[in-house]
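Take a look at the letters that make up each chain.
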Amino acid sequence: MARSRLSLHPLACSVPNLTANGSYADKTAVEAEFGEPYTNFMNFFAISGSTRKLSTNTAMLRALSHIAQPVHSISVFERIGDLPVFSPDLEMDPLPEPVQNFAEMIRQSDGLIISSPEYVRAIPGGLKNAIDWLVSRDEVINKPIALMHASHRGDDMLAQLRMVLTTVSSRFSDELFLRFDLMKKPPADIEAYLAQPENRLAAADFVSRFATYCGD
Ligand SMILES: Cc1cc2nc3c(=O)[nH]c(=O)nc-3n(C[C@H](O)[C@H](O)[C@H](O)COP(=O)(O)O)c2cc1C
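All values derive from a computational prediction rather than experimental measurement. (Residues numbered from 1 in each chain as written. Predicted model: local features only at pLDDT ≥ 70, side-chain atom pairs only at ≥ 80, totals over all residues.)

**Student:** Can you lay out unusual backbone geometry for me, pointing to particular residues and giving the numbers?
**Tutor:** For the peptide bond that leads from Gln69 to Pro70, omega is -5°, which places it in the cis range. Relative to the helices and strands, Pro70 is located in the loop between α2 (56–68) and β2 (73–77). The phi dihedral of Lys184 is positive, around 75°, even though this residue is not glycine. Tracing the sequence through the fold places Lys184 in the loop between β5 (172–179) and α6 (187–195). Its 9 C-beta neighbours within 10 Å are what place Lys184 among the exposed residues. (Helix = DSSP H or I, 4+ residues; strand = E, 2+ residues; numbered from the N terminus. Buried ≥ 20, exposed ≤ 12 C-beta atoms within 10 Å, placed from the backbone.)

What follows is the structure, given as structure tokens:
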């Protein structure tokens with residue numbers, strides 16, 4: 001697991017080395033800002049619980065990935081719909097290819113960020129199915145996990161997700177949580193909303209604290 005000596009600075013939005021979309025232009029800009037070598041980024045894997053093309057949760061995770069780069073990398077996974085319905089009978093070599101890829105991306109990540117809508121007061125079936133695929137494997141058991149949420153509603157789903165993630169990982173963080181009220185906003189508006197200084201700060205601080213948590 002990569003160790004983070006250099007987390008995203010919570011005041012990153014006020015520094016001069018940023019591009020228009022709020023990320024650092026290159027590693028040199030990061031080094032100029034922080035005065036230390038850029039060698040220690042975190043590789044996060046962000047799972048959206050929504051398969052909607054215009055999903056607010058997916059758009060929020062994408063905006064977060066833009067804010068984090070290149071100090072940290074966040075790969076946004078929006079393909080839970082490609083995973084077959086879990087059955088213990090399918091847990092044999094070779095695993096279905098989408099499951100192999102999904103598990104491998106989790107294995108290679110330093111931490112997971114999950115953001116999901118609520119469906120019928122519960123975890124959407126696609127996300128629960130994805131988690132079920134991981135239960136008897138070793139990728140997720142010690143993986144740091146934090147939640148985001150793109151709505152002011154959905155607390156029943158969040159409670160269930162917290163219970164499930166506490167069960168599958170010894171390193172689910174209940175404390176690290178970031179929520180924006182983005183319901184019904186289109187992706188471009190969400191990108192713009194997260195680019196606003198106070199929201200960028202909140203997002204940068206969340207990434208920074210999660211990087212520290214992953215490095216502990
Ligand atoms: C089938 C379905 C069931 C839903 N059930 C709930 C619900 O129980 N509670 C709630 O607050 N919102 C519910 N919603 C609304 C979604 O949670 C909400 O629109 C969410 O922001 C969608 O996230 P997305 O934009 O990432 O797809 C439901 C939506 C759908 C499509």
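**Student:** Would you mind going over the nonpolar core in detail, with residue names and values included?
**Tutor:** Counting residues in hydrophobic clusters, the biggest one holds 53 residues, and the most contacted among them are Ala46, Met60, Leu64, Ile113 and Val207. The element best represented in this core is helix α7 (residues 197–215), accounting for 8 residues. Not counting chain neighbours up to four residues away, the residues in contact with Leu64 comprise Ile74, Ala203 and Val207. (Core = buried A, V, L, I, M, F, W, Y, C linked by C-beta atoms within 7 Å. Contact = placed C-beta atoms within 7 Å.)

**Student:** So, helix α5 (residues 155–168): which residues are in play, and what are the values?
**Tutor:** For α5, spanning 14 residues, the distance from its first C-alpha to its last is 20 Å, which sits close to the expected 20 Å at 1.5 Å a residue. For α5, the set of buried residues is Met157, Leu161 and Leu165. The buried residues of α5 occupy an angular sector of 60° when the element is viewed end-on, so they sit on one face. In α5, the exposed positions angled more than 90 degrees off the buried face are occupied by Asp155, Met163 and Thr167. In this fold, the buried residues of α5 make contact with β4 (145–149) and β5. (Expected span 1.5 Å × (residues − 1). Arc of directions from axis to C-beta.)

**Student:** Any chance you could break down the site of the ligand for me, citing the residues and the numbers?
**Tutor:** Neighbouring the ligand are 15 residues; Ser50, Ser55, Asn57, Pro117 and Arg153 lie closest to it. Looking at the shell around the ligand, its residues break down into 5 nonpolar, 6 polar and 4 charged. (Near = placed C-beta within 6 Å. Nonpolar A, V, L, I, M, F, W, Y, C, P; charged D, E, K, R; others polar.)

**Student:** So what's going on with helix α4 (residues 125–134)? Residues and values would help.
**Tutor:** Because an α-helix completes one turn every 3.6 residues, residues spaced three or four positions apart along the sequence face the same direction. Of the residues making up α4, those classed as buried are Gly126, Leu127, Ala130, Ile131, Trp133 and Leu134. Along the long axis of α4, the arc covered by the buried residues comes to 155°, so they all point the same way. Contacts made by the buried residues of α4 are with β1 (43–48), α3 (97–108) and α5.

**Student:** Describe the pairing of β2, and please don't skip the residues or the numbers.
**Tutor:** Here β1 pairs with β2 via 5 bridges, running parallel. Looking at β2, one finds that Ile47 is bridged to Phe77. (Pairing = 2+ DSSP bridges.)

**Student:** Describe the sheet that holds β1, listing the residues and the values that go with them.
**Tutor:** Strand pairing in a sheet takes place through backbone hydrogen bonds and is either antiparallel or parallel in direction. What the 5 strands build is an open sheet, ordered β2-β1-β3-β4-β5; its pairing is parallel. Edge positions in the sheet fall to β2 and β5, since each has one partner strand and no second. The mean angle between the axes of side-by-side strands here comes to 25°, regardless of whether they run parallel or antiparallel. Pairing between β4 and β5: 4 bridges, direction parallel. When the sheet's bridge partners are listed, Met148 is paired in β5 with Leu178. Contacts between α2 and the sheet are confined to β1, β2, β3 (111–115) and β4, with β2 contributing the most and set at about 165° to the helix. (Axes fitted to C-alpha atoms, helices over the stretch in contact; angles between N-to-C directions.)

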